[in-house]
Amino acid sequence: MTSGPNTPTSKPRILTGDTPTGRLHLGHWVGSVERRVALQDKYDCYFLLANMHAFTTRFDKPADIRQDTIEIVKDWLAAGIDPKKSTIVLQTEVPAIAELTWFFAMLLSFNDVMGNPTLIHELETKGLGDSHSFGFPMYTVGQCADILAFRPVYVPVGEDQAPHIEMCRKAARKFDQLYCNVPNRTEDKDYVQAGGVFPIPEALIGRVGRLPGVGDGKQKMSKSLNNAIFLSDTAKDVQKKINKITTGRQTPTEPGDPTNILFQFVDAFITNEARVAELKDRYARGDNLGDGHVKQELAEAINTLLEPMRARRAEYEKPGGDDVIIDIIKDGVKRANVVAEETLYLAKTAMKLDFGKRLLS
Ligand code: ATP
Ligand code: MG
């Protein structure tokens, strides 16, 4: 098969993605997006817009989901994702994902899903209580299908996703053992070689696996928790939000804890290591270094990172920008379906559901 805009390459694949529940924030950058940008040349990358999953919590807001889908693609392009190199996957236009979700739902137990610690935490922190939809826990199974539809080797994600990736690995092993006769003692790296349809993908946790949110930093930075600094925020908003970080320290001469939430941000975003060491030393000794000063230097560093992203994003904020994005999404959908349909066909064949090969045009 020759490589072209609609054909997959022979490079190993990567899949990851974001849910359009709002714009991208700094947690996405350090947890996953930074890595995606870096890996685009070496891998055949698929970046998924989990718009179906956005309905699990926002089923009453279809217009918001649609716009957030477009905004996330703008954020991706602004961050440096190149749609000529990488494939953008719109979940709702790749039917193989929904079909594979059913198959994996049979291979995972009810307890695998309901006992997933990230799911339990989300039910708490998002205030979903007992009133959540049936579809909410189902998204974890759907995510196995999102990933496995592309048979990737790596999934670059933040720390909160580790239990989801574990579920996905479990589903892949079970499928391969059950339907492809892969012996159960096979090492994870050898599943495909042993005849499995699915590789056992590995999570690649980002440089900062869990960036805290602004405020008291108890929760991770999250689109849904109103504690995020967005990649598209103005320089002024960045400073304002950084100022919201609370450390409890009173004066610049009080010895401070250089591992507190403010310094987690310093570690993540001030790139000059010697300067970081100096700030930590002075902070720990109470050597006339106020939180306010650290926050200002931090905001400057973040704004230096975000400035080129703002400039690239501005190109898509001009009239007609949304249409350009929609064309990029449509192009990605075509490429994504080539791979996902092939996966579905292989999976169905292994499951004795080989009643013909359908064509998605
Ligand atoms: P939501 O609140 O709707 O769940 P989110 O902010 O958690 O949104 P997701 O779309 O669920 O964002 O996550 C997309 C990717 O970004 C995942 O790989 C996730 O692990 C990573 N990520 C999200 N928040 C953080 C964070 N604070 N630190 C590190 N990585 C993060
Ligand atoms: Mg999340």
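Definitions and limits used
Residues numbered from 1 in each chain as written. Chains lettered and ligands numbered in written order. Predicted model: local features only at pLDDT ≥ 70, side-chain atom pairs only at ≥ 80, totals over all residues. Heavy atoms only, no water. Helix = DSSP H or I, 4+ residues; strand = E, 2+ residues; numbered from the N terminus. Buried < 20%, exposed > 50% of the residue type's maximum accessible area, 1.4 Å probe, protein only. Contact = heavy atoms within 4.5 Å. Areas by Shrake-Rupley, 256 points an atom, 1.4 Å probe, with all protein chains shown as cover. Lys, Arg positive; Asp, Glu negative; His and termini not counted. Charge placed at Lys NZ, Arg CZ, Asp CG, Glu CD. Pairing = 2+ DSSP bridges. pLDDT = per-residue confidence, 0-100. Near = heavy atom within 4 Å. Polar contact = N/O pair within 3.5 Å; in protein donor to acceptor, adjacent residues only side chain to side chain. Nonpolar A, V, L, I, M, F, W, Y, C, P; charged D, E, K, R; others polar.

Notes on the overall build of the chain
1) Next: Broken down by element type, the chain carries 13 helices and five strands.
2) Next: Its C-alpha atoms give the chain principal-axis dimensions of roughly 75 × 45 × 40 Å.
3) Next: Burial statistics for the chain: of 361 residues in total, 50% are counted as buried.
4) Next: Restricting to contacts in the chain with at least 6 residues of sequence separation, those with at least 24 account for 75%.
5) Next: Of the roughly 17200 Å² of accessible surface on the chain, a fraction of 54% belongs to carbon and sulfur atoms.
6) Next: Taken together, the 46 basic and 48 acidic charged side chains of the chain have centroids lying 2 Å from each other.

Remarks on the pairing of strand β3 (residues 87-90)
1) Next: Residues Thr87 and Val89 of β3 are buried on one face, and the alternating residues Ile88 and Leu90, pointing to the opposite face, are buried as well.
2) Next: The sheet contact formed by strand β2 (residues 44-49) and β3 spans four bridges and is parallel. Each residue of the ladder has a partner; that of Tyr46, found in β3, is Thr87.

Thoughts on the confidence of the model for the chain
1) Next: Chain-level statistics for the chain give a pLDDT mean of 95 and a share of 97% at 70 or above.
2) Next: Across residues 1-6, where pLDDT falls below 50, the model places nine contacts with residues more than four positions away in sequence or in other chains.

A word on the site of ligand 1
1) Next: Around ligand 1, the structure places 23 residues, and the nearest of them are Thr21, Asp160, Lys220, Ser222 and Ser224.
2) Next: At 3.2 Å, a backbone N or O of Gly27 approaches a nitrogen atom of ligand 1.
3) Next: His28 is positioned such that a nitrogen or oxygen atom in its side chain is 2.9 Å from an oxygen atom of ligand 1.
4) Next: A total of 600 Å² of accessible area belongs to ligand 1 in isolation, and the protein chains cover 96% of it.
5) Next: Those elements giving two or more residues to the shell around ligand 1 turn out to be β1 (13-18) and α1 (26-39).
6) Next: Among the elements that take part in the shell around ligand 1, α1 stands out by supplying three residues, more than any other.
7) Next: The class makeup of the residues in the shell around ligand 1 is four nonpolar, 12 polar and seven charged.

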